[in-house]
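Tertiary structure, described
Given next are the chains, with one letter for each unit.
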Amino acid sequence: MVVHDTFQRSLRNLRISVTDRCNLRCAYCMPEEDYVWLPREQILHFEEVSALADIFMDLGVDKIRLTGGEPLLRRDLGALIRLLAAKPRLRDLAITTNGVLLAEQAGSLKEAGLGRVTVSLDTLRPDRFTALTRRANHAQVLEGIAAVHAAGFARTKLDTVVMRGVNDDELTDLLEYGQGVPAEIRFIEYMDVGGATRWSMDKVVSRAEMLEVLGRRYGRIEPVVEESTAPADRYALPDGTVFGIISSTTEPFCASCDRSRLTADGMWYLCLYAQRGIDLRGPLRQGASRDELKALIVDAWKRRADRGAEQRLRLRDRTPLVQIGRLREDPHLEMHTRGG
Ligand code: SAM
Ligand code: SF4
Ligand code: SF4
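Below: a short report on this structure. (Residues numbered from 1 in each chain as written. Chains lettered and ligands numbered in written order. Predicted model: local features only at pLDDT ≥ 70, side-chain atom pairs only at ≥ 80, totals over all residues. Heavy atoms only, no water.)

1. Quick notes on the site of ligand 2
Around ligand 2, the neighbouring residues are Cys-22, Leu-24, Cys-26, Tyr-28, Cys-29, Met-30, Gly-69 and Asn-98. Here the shell around ligand 2 is composed, by residue class, of six nonpolar, two polar and no charged. (Near = heavy atom within 4 Å. Nonpolar A, V, L, I, M, F, W, Y, C, P; charged D, E, K, R; others polar.)

Following this line, the structure appears as structure tokens:
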């Protein structure tokens with residue numbers, strides 16, 4: 001069964017956050033001193049996640065990405081990966097991680113059946129990493145990236161949030177580092193999502209600007225022509241190296257967005273910018289049948305009209321999406337809860 005929303009977008013891509021906790025404090029995601037965490041007893045058990053995944057797959061989902069917070073902090077994550085990897089309808093099972101714990105876990109994640117790994121890497125300079133994340137774990141991240149390749153993963157990606165005056169002078173270094181890993185690098189525009197309380201437009205480096213800088217260094221850059229609903233537009237350098245740009249802030253891709261997000265406590269969000277989610281944990285724990293849960297999901301998706309990033313683009317004076325007080329009242333509005 002395939003369900004379409006009000007803009008004929010199908011439900012295919014599910015991001016599952018397995019924890020809201022994180023071992024880094026990235027300036028663009030968790031810049032505050034303290035946070036309100038989701039109550040532990042509300043965090044979904046792996047069997048609950050697996051049951052919901054089955055329902056989503058009944059409705060057309062065939063790609064799942066595990067995220068967080070930092071997903072590798074979730075105890076025994078391999079057990080969840082084994083449950084999900086055993087589902088024949090799942091075509092793609094990936095994870096997005098900050099890499100700090102990857103060196104110790106890459107082998108067991110591969111063994112459990114994980115398909116692909118994306119590591120967030122914003123800088124190659126240890127001092128910058130510490131300033132940007134408030135933790136001195138740069139060496140572990142690089143070891144983690146090496147371990148991904150050693151464990152036998154292919155199609156690895158590196159995600160870089162580009163911030164003006166912070167790491168925008170490292171585009172070429174990061175690109176060349178990616179060639180060596182090997183991994184495809186994707187440059188992400190700094191987004192004004194919930195949690196990015198220090199966001200301002202002047203810190204955003206646009207896709208156009210990134211292409212100009214890279215073009216000056218490498219010569220002609222060609223777009224890679226492909227049919228895809230993936231957020232990154234891919235480009236090729238004259239030597240064939242391919243990289244991606246995710247231009248959610250200046251050129252959003254809402255028109256083809258087939259993504260939704262399940263938080264660690266079972267709230268389902270139809271857009272990264274959505275103010276409200278749909279509680280799936282409540283009905284699940286109260287014994288709702290598979291068909292009842294399916295009906296709830298179908299009904300919500302059919303009514304989906306979200307185009308959050310496009311709406312933000314139309315604002316004249318863009319300030320951070322959510323003020324700190326509201327984030328404290330409802331941590332679900334945070335990027336680190338919603339999973340990015
Ligand atoms: N902790 C893991 C990590 O950092 O890879 C997974 C969760 S994190 C919320 C997922 C992605 O969201 C990361 O690649 C991160 O860089 C990105 N992200 C967080 N805040 C962002 C922002 N304000 N703008 C753009 N990307 C952001
Ligand atoms: Fe950084 Fe990811 Fe943690 Fe956010 S959740 S602070 S992006 S490592
Ligand atoms: Fe999809 Fe919302 Fe992001 Fe647009 S803003 S691409 S609708 S998640």
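Once the structure has been displayed, the description carries forward.
2. Remarks on the pattern of salt bridges
According to the stated counting rule, one finds 32 salt bridges in the structure shown. A salt bridge links Arg-307 to Glu-310; the nearest nitrogen and oxygen atoms lie 2.6 Å apart. Across the pair, exposure class does not vary: Arg-307 and Glu-310 are buried alike. (Salt bridge = Lys/Arg side-chain N within 4 Å of Asp/Glu carboxyl O. Buried < 20%, exposed > 50% of the residue type's maximum accessible area, 1.4 Å probe, protein only.)

3. Some remarks on the packing of aromatic side chains
Taken as a whole and assessed by the stated rule, the structure comprises five aromatic pairs. Taking the centre distance of 5.7 Å and the plane angle of 25° together, the rings of Tyr-235 and Phe-243 count as stacked. Looking at Tyr-235, the relative accessible area reads 8%, which means it is buried. Residue class for Phe-243 comes out buried when judged on its relative accessible area of 0%. Consider the rings of Trp-268 and Trp-301, whose centres lie 6.2 Å apart with planes at 25°: the pair is stacked. Of this pair, Trp-268 sits in strand 11 (residues 267–269) while Trp-301 is found in helix 9 (residues 290–302), placing the two residues 33 residues apart along the sequence. Here Trp-268 matches Trp-301 in class, with each residue buried. Three or more aromatic residues joined by ring pairs form one cluster here, namely Phe-56, Trp-268 and Trp-301. Directly above the ring of Phe-7 sits Arg-307, whose terminal nitrogen or CZ lies 4.4 Å from the centroid. The positively charged end of Arg-338 is found above the aromatic ring belonging to Tyr-269, 3.9 Å away from the centroid. (Phe/Tyr/Trp six-rings, centres within 6.5 Å; stacked < 30°, edge-to-face > 60°. Helix = DSSP H or I, 4+ residues; strand = E, 2+ residues; numbered from the N terminus. Lys NZ or Arg CZ within 6 Å of the ring centre and 35° of its normal.)

4. Regarding the environment of Ile-16
Looking at where Ile-16 falls in the secondary structure, it is placed in strand 1 (residues 13–17). Given a relative accessible area of 2%, Ile-16 falls into the buried group. Considered as a pair, Ile-16 and Gly-266 are 250 residues apart in the sequence and their alpha carbons are 9.1 Å apart. If near-sequence neighbours (up to four positions away) are discounted, Ile-16 is found in contact with Val-49, Ile-64, Arg-65, Leu-66, Thr-67 and Leu-262. (Contact = heavy atoms within 4.5 Å.)

5. With respect to the site of ligand 3
Neighbouring ligand 3 are the residues Arg-9, Phe-253, Cys-254, Cys-257, Arg-261, Cys-271, Leu-272, Tyr-273, Asp-306, Arg-307, Gly-308 and Ala-309. Here the residues of the shell around ligand 3 sort into seven nonpolar, one polar and four charged.

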